[in-house]
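Residue strings, one per chain:
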Amino acid sequence: MAEAAAIQGTVPSPARRWLRRTASLAVAAPLLAGLLQGVPAPTAAAAETSDSSGPVDVSVDTLAPTAPVESDTLTITGTVTNESKQAVTDATVDLRVGPRMTSRSEIDDVSDRGGYRDGRDPAPLGGSYSVRIPSLGAGLSKDFTLSVPVSKLDLDDAGVYQLGVSLTGRTAGQSYDRVLGIERTFLPYQPEAAEKKTQLTYLWPLISTAHVSAETGANVQQTPVFENDDLAAELAPGGRLHEMVALGKDLPVTWVIDPDLLASVNAMTEPYTVKSGTTEVPGRNQAVAEQWLNALEKAVQGRKVVALPFADPDLASLAHHGKEVPGSLSHLQQATALASTTVETILHVKPSTDFSWPVDGAVDPSIMAVATSAGARHVIARSDSFRDDLSYTPTSARPIGGGTTAVVTDASLSKAFQGDMIRAESSTLAVQEFLAQSLAITLELPEDQRSVVVAPQRMPTTSQAQSMAAALHGLSAQRWTEPLDLMAATTVKADPDASKRVPSSRSYPKKLRAQELGTDAFDQMKTTRDELDDFKVILTAPDRVVPPFTNAISREMSASWRGQAPSAALYRNEVLTYLRSLTAEVQLIDKSDLLLSGRSATIPVTVQNKLLQGVDGLVLRLTSGNKTRLKLNGGEAVSELPVKIDGGHSQSVKFTATANANGQVPMTAQLYTADGTPYGKPMTFTVKVSEITPTVMLVIAGGVLLLVLAGVRMYSQRKRAAARNAEADAEAEAEAEAEAGTDTEADADAGPEHRPGAEAAEAASDGAEPEQPSDPTPDTGPESGDPSGPGEKVDR
């Protein structure tokens with residue numbers, strides 16, 4: 001009879017049949033209970049009450065159209081898999097259409113239901129709309145296709161209907177028909193356009209993890225250094241970000257973009273390098289990056305774009321752990337200011353920057369305060385945080401005071417595609433439930449129009465993005481929803497009954513709190529920020545250093561580090577280590593101990609600059625450890641001199657020193673910035689003073705004077721003695737000539753050098769004195785050229 005009725009087109013509505021069946025069971029329950037006491041084996045009808053999970057898995061892989069009208073033919077494809085160890089025989093795959101649902105909670109209840117439940121699941125459609133499977137061996141699968149004209153479903157009215165696909169059959173252990181497996185989904189049915197359509201805003205996020213390090217090349221272009229080349233895989237065809245752009249360009253969505261992603265991809269369009277162990281290798285994905293940026297630029301033209309603060313900072317971590325660390329909130333403000341410039345420069349569209357998006361839309365008063373501190377006037381929250389005690393879904397936007405609007409997104413719609421969407425079945429079920437929930441919202445208050453915002457996960461996978469796109473395409477007919485951009489959604493009149501009270505801090509999810517960056521992370525960021533401030537003031541070209549490190553600090557507080565604490569700590573350490581390696585390029589050269597001989601001298605201290613740019617604004621301070629023994633700069637214990645060095649050069653800074661006493665003096669050299677902040681480590685050395693005192697100098701001078709006077713006296717005496725000797729010799733010579741007589745002429749013929757007394761006379765006439773054994777040594781010897789001892793000689 002059923003088959004005849006089906007042929008004649010008089011099959012009762014599934015909804016009516018389900019109601020009739022339920023009523024019949026209720027009336028016959030007492031009678032059946034009594035009869036079954038005497039029945040040894042279960043009947044076929046009773047066998048339809050199975051366990052919560054059957055031995056056969058039913059998979060619904062496709063359902064088209066996703067939101068049919070009466071003139072359509074509904075086609076469902078899928079697979080049945082026998083997961084038991086017994087063969088299934090005489091099986092039938094049936095379609096079961098349930099009654100119209102009246103609330104979103106009913107949808108949730110059906111979605112959570114497990115195996116088949118007699119009395120709660122509708123009867124099979126049967127007839128020619130079933131697929132027979134004579135046998136299905138253990139562990140085997142078989143595909144099926146069900147095609148049913150929507151008009152044959154006898155859907156009563158617009159609404160959401162439960163749609164089930166079941167397999168009924170027999171096993172060797174149970175030779176009667178029973179439902180061995182079932183899969184449920186939903187069929188949204190709205191044949192005519194609703195009078196009051198729900199305004200639906202869907203956020204389309206383009207966000208990634210941190211890929212760029214703080215390091216740059218030494219060339220003029222400052223070639224960026226990437227931590228890895230993973231971003232290229234996301235941008236390439238088939239990659240996550242490639243799919244997001246390819247799908248989003250045809251969808252009515254509001255683009256939500258992290259400017260850091262744009263900056264990173266833009267850097268990849270030029271030469272870049274990638275870390276590979278301890279070395280760096282050239283990046284080779286410039287073409288991929290350029291193609292992606294070009295596609296995105298075309299996709300967003302004429303569309304609404306929201307720019308998050310640079311690197312998408314974790315607002316909850318800042319609120320709960322970072323705001324007490326000085327400078328953290330100011331860095332958030334810098335990240336917000338950088339957002340607009342970055343997006344406008346790269347995509348040539350002017351974005352909105354007054355939106356904040358805490359992780360998972362979870363908020364509390366401190367998160368709200370931090371979000372608005374950077375200039376945000378709209379905070380994207382979620383309904384499972386901002387709870388409403390209403391029987392319907394209220395409009396998303398609601399003012400919460402102080403000029404701030406909370407945009408409360410729908411939790412169920414926002415989380416619809418968070419699971420694994422790789423399997424076709426998972427995607428199909430998620431799409432159908434999303435469409436069902438959206439239609440249920442419209443039918444809750446069909447006479448009132450409301451605005452609903454959907455904020456999916458921050459970084460959807462490729463399969464999740466495809467499922468999201470499929471759901472939005474299912475709404476393209478706009479029979480119960482119409483698209484609205486996020487900016488317009490914030491201006492919709494708020495529901496007066498919707499909650500406007502910000503959730504307390506106690507209600508913040510513990511799971512999310514456990515993933516936050518700790519105070520130690522923000523302390524390390526502050527250390528990096530402070531050391532960068534001390535470093536940049538001495539540079540002649542700070543713009544080559546400050547932006548890369550400022551951006552790196554922003555990446556350190558990114559929400560993308562959630563659940564990746566070790567990786568986040570490693571990134572922070574690498575940034576700080578690299579900064580310190582740069583600051584160490586400007587340093588004092590170690591000195592050996594010095595020997596100072598004399599009353600005054602200069603002490604040189606060498607400053608080296610290995611950077612590729614010059615440094616200025618440094619002061620070198622030299623401190624004497626014993627002012628009484630060794631003074632600097634005309635009598636002080638401390639002397640300071642300015643330092644200015646070109647890139648790749650060294651400078652010897654010379655200090656004037658005055659010695660007052662012998663001994664060792666410890667000296668300390670330290671570089672300072674112009675504001676008095678120590679720069680680098682101090683350098684110590686020792687000066688050994690070996691001074692000649694004034695008393696010793698007087699004694700030596702007196703001795704020298706006595707020696708000079710004695711010498712003068714001796715010279716005068718010798719001069720007079722030589723004159724007397726000369727006269728005596730002359731008289732003796734005259735007497736000798738007279739006595740010689742005739743010998744005079746012979747003597748006259750001889751040369752003067754042979755005459756007696758000629759040598760003495762000649763010496764006397766020249767004023768020379770013969771050397772005396774008692775003559776003293778020279779007054780002072782020449783200064784020794786030998787080293788005066790170990791150490792460095794100071795400049796005189």
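Structure: above.
Keep in mind it's a predicted model, so treat the numbers as computed, not measured. (Residues numbered from 1 in each chain as written. Predicted model: local features only at pLDDT ≥ 70, side-chain atom pairs only at ≥ 80, totals over all residues. Heavy atoms only, no water.)

Asks: How should the overall build of the protein be read in this particular structure?
Replies: In terms of helices and strands, the protein carries 21 helices and 30 strands. When each of the 796 residues of the protein is scored for burial, the buried share is 45%. In the protein, of all internal contacts separated by at least 6 residues, the share reaching a separation of at least 24 is 78%. Of the roughly 38,400 Å² that the protein leaves accessible, carbon and sulfur atoms contribute 53%. (Helix = DSSP H or I, 4+ residues; strand = E, 2+ residues; numbered from the N terminus. Buried < 20%, exposed > 50% of the residue type's maximum accessible area, 1.4 Å probe, protein only. Contact = heavy atoms within 4.5 Å. Areas by Shrake-Rupley, 256 points an atom, 1.4 Å probe, with all protein chains shown as cover.)

Asks: I keep staring at unusual backbone geometry and nothing clicks. Help me out?
Replies: Peptide bonds are, in most cases, trans, and in most cases residues other than glycine have a negative phi. Following A64, the chain continues into P65 via a peptide bond in cis, with omega recorded as -10°. The topology assignment puts P65 in the loop between β1 (56-64) and β2 (73-82). In this structure, Q222 is a non-glycine residue whose phi angle is positive, near 50°. Mapped onto the fold, Q222 is located in the loop between β9 (212-216) and β10 (224-226). Positive phi, normally seen in glycine, also occurs at D360, with a value near 60°. Here D360 falls in the partly exposed class, since its relative accessible area comes to 36%.

Asks: Which parts of the structure should I look at to understand the pairing of strand β22 (residues 594-597)?
Replies: Regular strands have side chains that alternate between both faces of the sheet. Side-chain alternation along β22 places L594 and L596 on one buried face and L595 and S597 on a second face that is also buried. Across four bridges, the pairing between β22 and strand β29 (residues 678-690) is parallel. Across the sheet, S597 pairs through a bridge with S690, a residue of β29. (Pairing = 2+ DSSP bridges.)

Asks: Help me out: how do you make sense of the sheet that holds strand β3 (residues 88-101) in this one?
Replies: What links the strands of a sheet is backbone hydrogen bonding, and the strands pair in either a parallel or an antiparallel sense. Pairing is antiparallel across the open sheet formed by four strands, whose spatial order is β4-β3-β6-β7. Edge positions in the sheet fall to β4 (131-136) and β7 (174-189), since each has one partner strand and no second. On average, each strand axis in the sheet is inclined to that of its neighbour by 25°, with strand direction left out of account. Here β3 runs beside β4; their pairing, made up of five bridges, is antiparallel. Directly across from T89, in β4, lies its bridge partner S135. Contacting β3, β6 (159-171) and β7, helix α3 (residues 104-112) runs over the sheet at an angle of about 145° to β7. The strands touched by helix α12 (residues 424-444) are β6 and β7; relative to β7, the strand with the most contacts, the crossing angle is about 55°. (Axes fitted to C-alpha atoms, helices over the stretch in contact; angles between N-to-C directions.)

Asks: Hey, could you run me through α12 in this one?
Replies: An α-helical segment advances 3.6 residues per turn. Residues three or four places apart therefore align on the same side. When the terminal C-alpha atoms of α12 are compared, their 30 Å separation across 21 residues agrees well with the 30 Å that a helix rising 1.5 Å per residue should span. The element α12 is extensively covered by neighbouring structure, given that 15 of its 21 residues are classed as buried. (Expected span 1.5 Å × (residues − 1).)

Asks: Got a minute to help me understand the environment of T79 in this structure?
Replies: Inspection of the secondary structure puts T79 in strand β2. For the pair T79 and V58, spaced 21 residues apart in sequence, the C-alpha separation works out to 6.0 Å. Once residues lying within four places of it in the same chain are set aside, the contact partners of T79 are D57, V58, S59, D61, S141, K142, D143 and F144. There is a polar contact of 2.9 Å between the side chain of T79 and the side chain of D143. (Polar contact = N/O pair within 3.5 Å; in protein donor to acceptor, adjacent residues only side chain to side chain.)

Asks: I'm lost on the packing of aromatic side chains in this one. Help?
Replies: In this description, an aromatic ring pair is defined by two values, namely the gap between the centres and the angle between the planes. The tally for this structure, following the rule as stated, stands at six aromatic pairs. Relative to W204, the ring of Y202 lies with its centre 6.3 Å away and its plane at 50°, an arrangement referred to as tilted. Side by side, Y202 and W204 carry an identical accessibility label, which is buried. Measuring from ring centre to ring centre gives 5.6 Å for F417 and F434, while their planes differ by 40°; the resulting arrangement is tilted. Pair noted here: F417 is in the loop between α11 (411-414) and α12 and F434 is in helix α12, with a separation of 17 residues, a long-range link. Overall, F417 belongs to the buried group, its relative accessible area being 1%. (Phe/Tyr/Trp six-rings, centres within 6.5 Å; stacked < 30°, edge-to-face > 60°.)

Asks: Help me understand the packing of helix α6 (residues 259-268) against helix α9 (residues 328-347) in this model?
Replies: For any two helices packed against each other, one specifies the crossing angle of their axes together with the interaxial distance. For the pair α6 and α9, interaxial distance at closest approach is 9 Å and the crossing angle is 45°. Here α6 is positioned oblique relative to α9, judged by the angle of their axes. Note that α6 runs across α9; the crossing there is left-handed. Across from P259, L262, A263 and N266 in α6, the residues of α9 making contact are A339, T342, V343, I346 and L347. By residue class, the composition of the contact of α6 with α9 is seven nonpolar, two polar and no charged. (Parallel < 35°, antiparallel > 145°, perpendicular 65-115°, else oblique. Left-handed = near helix turned anticlockwise from the far one by under 90°. Nonpolar A, V, L, I, M, F, W, Y, C, P; charged D, E, K, R; others polar.)

Asks: I'm lost on helix α16 (residues 519-536) in this one. Help?
Replies: End to end, α16 covers 26 Å across 18 residues, agreeing with the expected 26 Å (1.5 Å per residue, within 8%). Elements that come into contact with the buried residues of α16 comprise α8 (315-322), α9, α17 (546-556), α18 (565-583) and β29.

Asks: I keep staring at the nonpolar core and nothing clicks. Help me out?
Replies: Most often, soluble globular proteins have nonpolar side chains that are buried together. Ranked by size, the top nonpolar core spans 74 residues in total, and within it I603, L620 and L630 carry the most contacts. Ranked by residue count, the leading element in this core is α18, at six residues. If sequence neighbours within four positions are ignored, L620 has contacts with L588, V605, V607, S639, E640, L641, V643, V653, F655, A669, Q670 and L671. Counting residues in each nonpolar core, the second largest holds 61 residues, with M268, V349, F434 and A471 among its members. (Core = buried A, V, L, I, M, F, W, Y, C linked by side-chain atoms within 4.5 Å.)

Asks: I would appreciate a short explanation of the sheet that holds strand β21 (residues 586-588) in the present structure.
Replies: Spatially, the four strands line up as an open sheet ordered β21-β23-β27-β25, and their pairing is antiparallel. The sheet is open, and its two edges are formed by β21 and β25 (630-632), each paired on a single side. Direction aside, the axes of adjacent strands within the sheet are offset by 35° on average. The pairing of strand β23 (residues 600-609) with strand β27 (residues 649-659) spans ten bridges and is classified as antiparallel.

Asks: Just to check I follow, could you spell out the packing of α17 against α18 for this structure?
Replies: It is the contact of α17 with α18, at a shortest axis distance of 10 Å, that shows an interaxial angle of 160°. Relative to α18, the element α17 is oriented roughly antiparallel. As for the relative orientation of α17 and α18, their crossing is left-handed in sense. Of the residues in α18, those touching α17 at F549, A552, R555 and E556 are Y571, R572, V575, Y578, L579 and L582. Of the residues that constitute the contact of α17 with α18, the class distribution is seven nonpolar, no polar and three charged.

Asks: Help me understand the pattern of salt bridges in this model?
Replies: Side chains that differ in sign of charge can pair as their charged atoms come close. Inspection of every chain in the model, using the stated rule, returns 26 salt bridges. Here D533 and K536 are joined by a salt bridge, their closest N and O atoms 3.5 Å apart. Taken as a pair, D533 and K536 lie in helix α16 at a separation of three residues, close to a single helical turn. By sharing partners, the salt bridges in this structure join D109, R113, R120, D121 and R184 into a single network. (Salt bridge = Lys/Arg side-chain N within 4 Å of Asp/Glu carboxyl O.)

Asks: Would you mind showing me how to read the side chain of E183 here?
Replies: Mapped onto the secondary structure, E183 falls in strand β7. R184 is the oppositely charged side chain nearest to the buried, salt-bridge-free E183, at an N-O distance of 6.3 Å. Contacts of E183, omitting those with residues within four sequence positions, involve V58, V60, L163, G164, V165, E425 and L429. (Lys, Arg positive; Asp, Glu negative; His and termini not counted.)

Asks: Would you explain the environment of T577 in this entry?
Replies: In this structure, T577 sits in helix α18. Overall, T577 belongs to the exposed group, its relative accessible area being 55%. Through-space distance from the C-alpha of T577 to that of T528 is 9.1 Å; in sequence the pair is 49 residues apart.

Asks: Teacher, can you tell me more about the side chain of S213 here?
Replies: Within the element layout of this structure, S213 appears in strand β9. There is a polar contact of 3.2 Å between the side chain of S213 and the backbone nitrogen of E215. A distance of 2.8 Å separates a polar atom in the side chain of S213 from the backbone oxygen of V225. With near-sequence residues (within four places) excluded, S213 lies in contact with V225, F226, E227, K275, R555 and Y571.

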